[in-house]
Every structure is written in structure tokens, then in C-alpha cells.
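# Observations on chain architecture
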Amino acid sequence: EPALAKENNCLNAAKACNLNDTCKKYRSAYISPCTSRVSTAEVCNKRKCHKALRQFFDKVPAKHSYGMLYCSCPLGDQSACSERRRQTIVPACSYEDKEKPNCLTLQASCRTNYICRSRLADFFANCQPEPRSLSGCLKENYGDCLLSYSGLIGTVMTPNYLRSPKISVSPFCDCSSSGNSKEDCDRFADFFTDNACLRNAIQAFGNGTDVSVWNPMPPVQTTTSMTTPAHRGRDRDRSPNAIEPAISINHLNPDDNSLYQFCSNLQAQKLKTNNTIDVLCVDSQIDDPSSSNEISKNASPQHVSHSTHSFLLLLLGASLHCSML
């Protein structure tokens, strides 16, 4: 078990940010648009707020930006400390909305924007839980998981902490009115709210424990399956800052056509270089297969080889014909 937080690390992280010029600059840059009311009907300009938040997590050193986002709280000060952590991204503007949409509707909206689509795919890939892993993560890399999670902040899929005794996060959506898609919606939502990999990564950063897991390790060889989260009740009595055993499974199948084809790591070097690498994810369904110069993706090697031989024989025959004239 990791050492529990003995002080309000979220307050300490905010103080540390104010003492760092870069962090203070970009924090002020998002606080202003995220707290400025546009009209009586609009609490803020959400688009500007989201853009400023993306810049904050892209430009500010991880020890400061992550220090505020993933800080741990002492048992005696859970409510005030966790609320400070929840308010880090100014949720009244960046997170909440007038009505809470269905999670699958929000997912569909995310897919229409290539930045959001890419970053959500990155999150699915890097925070995939694995019960047989010591860390609880398929990729055995907490850093990539936290990087992918923070990459979602500032998109329509922006997640935030829920008011809960244990660490639990969610986009601003629910699964009401899902109809026949209720199971798919629950599975999508559970990847946020009941993800042992993500929860362990947040707790390890907040407590400064299991630092070795931050380094890349060979991923666990396994077959991804689509299994709903289990054993939720076992977490209720645990400390909110304790690393949990990897027992819950909520894999999303990357081969499922309803999900995304995974991109390479969107911000692979952010922890080392503090730079963002935007990678465009393109669904195979929207690729243009009509190009006259493109060999069909479904063509077998034998078919391609046969077509090539026929073309060469045709050229040879034309050449001999010309030489005889």
C-alpha cells in the first residue's frame, strides 16, 4: 500500500504553480476566459476556455500541470481538497452544460472533430486496463495514460472528477435514454468511471509511489475482450488514495467498427519535451476507395500477382508486334 497523503497536495500544487512563471502565465490565460460571463444566458465562451486549457496542458511542465490535476488529498480533508482538484479546470465553463447529453451522442460529436477523435482513441489505447498486470494497465505505463487523459481536456469529451468517496472521473454525460444501446453506453462510460488503470495512475502520481511504472515496459500479451466492469463493490471501503489491485476489466475492443482505429501516441514525448504532436486519426469508413490508381484493400496477393503478370505479358506482346512491323 502506498503512503497516504498527509497534507493538502492540491493546495500546495496551486501555490507551486503561482511560483512558476510559465505555469502562472498559462493558468491565468485559461482562468480569464473560463470565468468571464458572456451574457445572462452564457456563463462563458466555452470555445476560448477549451483552447486555453489545451494550451495550459501542452505548454506547462508536467510536474506543475499534473501536480494540480492529479494531486492527492489527506483523509482528514477529503471534501475541501478534492473539490479544489475538481475545480482545477473551471468545470462550470469547460465541463458542465445546460443539459447532460447521452454518452454515445457525445462520443459521436467527438468523432466529428479530428483532434477530439484522435485524443479519445489515444485514451482508449493507453489507459486500457489489464487485470494480470501489476500496474493494472495493459501497456504498463502510467505516464502515457495520464498524458492521454489530460489530452481530452479542452475537447467536447472533457472529463472531470466526480463528487465521490473514491477517485472517479467522467465526461459530462450519462446513459439515460440509450434504448437498445444501453450496454454499449454503459461500457463507454465505465471506461472512465471504473477504470483501474486510470485510477491507479492518478493515485500513483498524487502519492509519488510506483515511480518505476512511469517508465515504458513490455506490454502484457493478452487478447482484448469486451467485458463490462466487475467487482465494483470491492473498492468502496478502500482509501481514496490507495493503489487498487487490478481486478476490474472493462476492455474496449479496438477491432469493433463502432469504435475508433487507434492512432499512434498523440503526445508521445510530452513528458520529456513538453511538446504536443497532433496525429490525425482517419476512420477506414471515410477513406476514399474510389481512386482509379488504388489497388483494392480486399484484393488477395494471388489476385494482385495474376493481374501484374497479365499486364507484363500484354506489354511483351505489344513490343514483339511493333518489332515485326
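What counts and how
- Residues numbered from 1 in each chain as written.
- Predicted model: local features only at pLDDT ≥ 70, side-chain atom pairs only at ≥ 80, totals over all residues.
- Heavy atoms only, no water.
- Helix = DSSP H or I, 4+ residues; strand = E, 2+ residues; numbered from the N terminus.
- Buried < 20%, exposed > 50% of the residue type's maximum accessible area, 1.4 Å probe, protein only.
- Expected span 1.5 Å × (residues − 1).
- Contact = heavy atoms within 4.5 Å.
- Polar contact = N/O pair within 3.5 Å; in protein donor to acceptor, adjacent residues only side chain to side chain.
- Disulfide = S-S within 2.5 Å.
- Phe/Tyr/Trp six-rings, centres within 6.5 Å; stacked < 30°, edge-to-face > 60°.

Named according to an unreviewed UniProt entry, the protein is GDNF/GAS1 domain-containing protein originating from Danionella cerebrum.

### Brief notes about unusual backbone geometry
Within the chain, Glu-140 stands out as a residue other than glycine whose phi angle is a positive 55 degrees. Along the polypeptide, Glu-140 turns up in the loop between α8 (114-126) and α9 (142-152). Residue Glu-140 is classed as buried on the basis of its relative accessible area, which comes to 10%.

### Quick word on helix α11 (residues 196-207)
The terminal C-alpha atoms of α11, which comprises 12 residues, lie 16 Å apart, in line with the 16 Å expected from a rise of 1.5 Å per residue. The elements touched by buried residues of α11 are α1 (9-18), α8, α9, β1 (159-161), β2 (169-171) and α10 (182-193). The opening residue of α11 is Asn-195, an N-cap whose side-chain oxygen sits 3.0 Å from the backbone nitrogen of Cys-197.

### Remarks on the state of the cysteines
All told, the structure shown has 10 disulfides when counted by the stated rule. Linked covalently through their sulfurs, Cys-34 and Cys-49 form a disulfide whose S-S length is 1.9 Å. Negative torsions about the S-S bond denote left-handed disulfides, and the value of about 100 degrees found for Cys-34 with Cys-49 makes this one right-handed. Within this pair, whereas Cys-34 is found in helix α2 (residues 21-35), its partner Cys-49 is found in helix α3 (residues 46-59), the two being separated by 15 residues in sequence. The residues Cys-34 and Cys-49 share a single accessibility class, namely buried. Between the sulfur of Cys-137 and that of Cys-197 lies a disulfide, 2.0 Å long from S to S.

### Some points on the packing of aromatic side chains
Tallied over the full model, the rule gives 14 aromatic pairs. With 4.8 Å between their ring centres and 25 degrees between their planes, Phe-123 and Phe-192 make a pair best called stacked. On the criterion of sequence distance, the pair formed by Phe-123 in helix α8 and Phe-192 in helix α10 is long-range, its members being 69 residues apart. Phe-192 carries the same exposure label as Phe-123, and that label is buried. On the basis of an interplanar angle of 85 degrees and a centroid distance of 6.0 Å, the ring pair of Phe-124 and Phe-188 is categorised as edge-to-face.

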